[in-house]
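Structure assessment
Listed here are the chains, written in short residue letters.
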Amino acid sequence: AYRPSDQSEANKKLPLSVNCQRFSKRMAAYAAQEDRMGRAGFLRLFSPEGEMEARVRALVAPSDMDDLLLNSSLLIWDPQEGRNTSPAPSWTDYEPIPINPWHVLLCVMGTLMSCENALVIALIAYSPTLRAPMFVLIGSLAFADFLAGLGLILNFIVTYIIDSGLVTLLSTGLIITAFSASVLNILAITVDRYLSLYNALTYHTERTVTFTYATLMLMWLISATLGSLPILGWNCLESENTCSICRPVNKNNAAALAISFLLVFALILQLYLQICKIAFRHAQQIAVQHQFMTTSQLSSTTKGVSTLTTILCTFGCCWIPLAMYSLVADTRSPVVYTYTTALPAICHSIINPMIYAFRNPEILHSLRLVCCGCRPYSLTMRPRTPSDV
């Protein structure tokens, strides 16, 4: 007869590993019997201490019990922690996360953005003639937008594949750094255009090249600092009620980014107004020298002003809605408004190559050389200034 008390005394003399193995076998037998009889039938087996195991042994043959012990996934006794632990579930045990269509759209836009700006970077790096300061700035803008596209792709992977707080903060920091650098690059290009008109005689000097590279270093340093704020603690992973419209960025960080953008936009607007004034002044000076302003000169000046106006309006319409909405909304606001204001800002990085790169004849010439291997005879290879871009 099976006597639990005698068996317990005997178990005390055995090694701990043997007792753990016996306990696991008993739990396997209990689980197997529960699978056979169902939960209700198995609970009826419970009686005074010791009878349950005897009934299980009587209902399950020894050979069957051994097979069940080998093929069952059961609780395992952890002697160090003194509790039951379960083996880690396999990947098939996890339910798939429903995919948000907005996230798919952002990932597609990030892919398009990366490919388009990678082409611009390759063209500038491939052509040895594209080494002027304005092309360096255009290449820096393309690199920033390229990183922004990679950040959107990485954010999609983090959301649905890698569930890690640190990786989420890193992807968010990359996106903030890239888009901040994109906006600051546009400011640097605007400053370069202004200097090319204001200091036309001294623009093509070594001093301008040094100033351009120093500006780029400062600009990327500022962008990296802004992108590192979520990693340094300006995030809402531990306090959801402080989240902004873009989790895990908190409301203070989002407000700082929005105000910084508005200041940059005001500075760009002021520079473009000065550029228009200088352009009209030059046109008037030329008209005084020739006693009249020709139709081509008037058309060229008007076309330049309209181009600058289009660039400025496009930049403002794409970024101002997101900046203003970031100041007044938080994580409790409707998600559709967040994506509606964020998509134009992302689209701006897609159209940047069309505005700043593919409108330049020298970049188009390099593109034709790569695609066709031929040199178009209609291209005028005169020296160009940022005002022509």
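What you see is a predicted model; the values in this text were computed from it and never measured.

The rules we used
Residues numbered from 1 in each chain as written. Predicted model: local features only at pLDDT ≥ 70, side-chain atom pairs only at ≥ 80, totals over all residues. Heavy atoms only, no water. Helix = DSSP H or I, 4+ residues; strand = E, 2+ residues; numbered from the N terminus. Buried < 20%, exposed > 50% of the residue type's maximum accessible area, 1.4 Å probe, protein only. Contact = heavy atoms within 4.5 Å. Areas by Shrake-Rupley, 256 points an atom, 1.4 Å probe, with all protein chains shown as cover. Disulfide = S-S within 2.5 Å. Axes fitted to C-alpha atoms, helices over the stretch in contact; angles between N-to-C directions. Parallel < 35°, antiparallel > 145°, perpendicular 65-115°, else oblique. Left-handed = near helix turned anticlockwise from the far one by under 90°. UniProt positions renumbered as here; feature names shortened; annotations may be inferred. Phe/Tyr/Trp six-rings, centres within 6.5 Å; stacked < 30°, edge-to-face > 60°. Patch = residues over 30% accessible without salt bridge, like charges linked within 9 Å, V, L, I, M, F, W, Y side chains within 5 Å. Salt bridge = Lys/Arg side-chain N within 4 Å of Asp/Glu carboxyl O. Expected span 1.5 Å × (residues − 1).

Description of the overall build of the protein chain
Each helix and strand counted, the protein chain has 12 helices and 2 strands in total. Counting from the amino terminus, the protein chain carries its helices and strands in the arrangement α-α-α-α-β-β-α-α-α-α-α-α-α-α. For the protein chain, the proportion of its 389 residues judged to be buried stands at 39%. Sequence separation of at least 24 residues holds for 71% of the intrachain contacts in the protein chain that already meet a minimum separation of 6. By element, 64% of the accessible surface of the protein chain is carried by carbon and sulfur atoms, the whole surface being about 22500 Å².

Concerning the state of the cysteines
The tally for this structure, following the rule as stated, stands at 1 disulfide. A disulfide bridge connects Cys236 with Cys243, and the sulfur atoms are separated by 1.9 Å. With the S-S bond torsion at 95°, the cross-link from Cys236 to Cys243 turns out right-handed. The two residues Cys236 and Cys243 agree in class, both being buried.

Focus: the packing of helix H5 (residues 101-126) against helix H11 (residues 335-357)
Running from N to C, H5 and H11 point in directions that differ by 15°, and their axes come no closer than 10 Å. Overall, the two elements H5 and H11 adopt an arrangement that is roughly parallel. Seen along the crossing, H5 lies across H11 with a hand that is left-handed. Together, Trp102, His103, Leu105, Leu106, Met109, Leu112, Met113, Glu116, Asn117 and Val120 of H5 and Val336, Tyr339, Leu343, Ile346, Cys347, Ser349, Ile350, Pro353, Met354 and Ala357 of H11 make up the contact between the two elements.

What about the UniProt feature "transmembrane region" (unreviewed entry) in the protein chain?
Here the UniProt-annotated "transmembrane region" (unreviewed entry) positions come out as residues 102-126, 135-162, 168-191, 211-234, 254-273, 305-324 and 336-358. The span residues 168-191 is 100% helix and 0% strand, and its two end C-alpha atoms sit 35 Å from each other.

So, the environment of Leu130
Relative to the elements of secondary structure, Leu130 occurs in the loop between H5 and helix H6 (133-160). On the accessibility criterion, Leu130 (1% relative accessible area) is buried. Separated by 233 residues in the primary sequence, Leu130 and Ile363 have C-alpha atoms spaced 7.8 Å apart. Excluding residues that lie within four positions of it along the chain, Leu130 makes contacts with Leu123, Ile124, Phe135, Glu362, Ile363 and Ser366.

What to know about the environment of Asp192
Assignment of secondary structure puts Asp192 in helix H7 (residues 165-198). Here the alpha-carbon distance between Asp192 and Met134, two residues 58 residues apart in the chain, equals 7.0 Å.

Description of the packing of aromatic side chains
Counted according to the given criterion, the structure contains 9 aromatic pairs. Ring centres of Phe179 and Trp319 lie 5.8 Å apart, and the angle between their planes is 70°; this geometry places the pair in the edge-to-face category. Residue Phe179 is found in helix H7, and its partner Trp319 is found in helix H10 (residues 295-328); the two are separated by 140 residues along the sequence. Assigned by exposure class, Phe179 and Trp319 land together as buried. Ring plane angle 40° and centroid distance 5.7 Å describe the contact between Phe261 and Trp319, whose orientation is recorded as tilted. Taken together, the positions of Phe261 in helix H9 (residues 251-289) and Trp319 in helix H10 put the pair 58 residues apart, joining distant regions of the chain. The exposure classification of Phe261 matches that of Trp319, with both residues buried. Clustering of aromatic rings is evident, with ring pairs tying together Phe179, Phe261, Phe265, Phe315 and Trp319.

Let's talk about a nonpolar patch on the surface
A contiguous nonpolar patch, built from Ile259, Leu263, Met324, Leu327 and Val328 and spanning about 500 Å² of accessible area, is present on the exposed surface. Counting residues per element, the ones that place at least two in the nonpolar patch are H9 and H10. The dominant element in the nonpolar patch, judged by the number of residues it contributes, is H10, at 3 residues. Here Leu327 lies in helix H10.

Examining the pattern of salt bridges
Side chains that differ in sign of charge can pair as their charged atoms come close. According to the stated counting rule, one finds 1 salt bridge in the structure shown. The closest approach of N and O atoms between Asp330 and Arg332, which form a salt bridge, is 2.8 Å. For Asp330, a relative accessible area of 12% gives the class buried.

Points about helix H8 (residues 206-228)
Over its 23 residues, H8 extends 33 Å from the first C-alpha to the last, a length consistent with the 33 Å expected when each residue adds 1.5 Å. Buried residues of H8: Thr208, Thr212, Leu216, Met219, Ser223 and Gly227, and no others. Along its buried surface, H8 packs onto H6 and H7.

Looking at the side chain of Asn352
Along the chain, Asn352 turns up in helix H11. For Asn352, a relative accessible area of 1% puts it in the buried group. When neighbours within four sequence positions are excluded, Asn352 is seen to be in contact with Leu141, Asp145, Ser182, Ile186 and Ala357.

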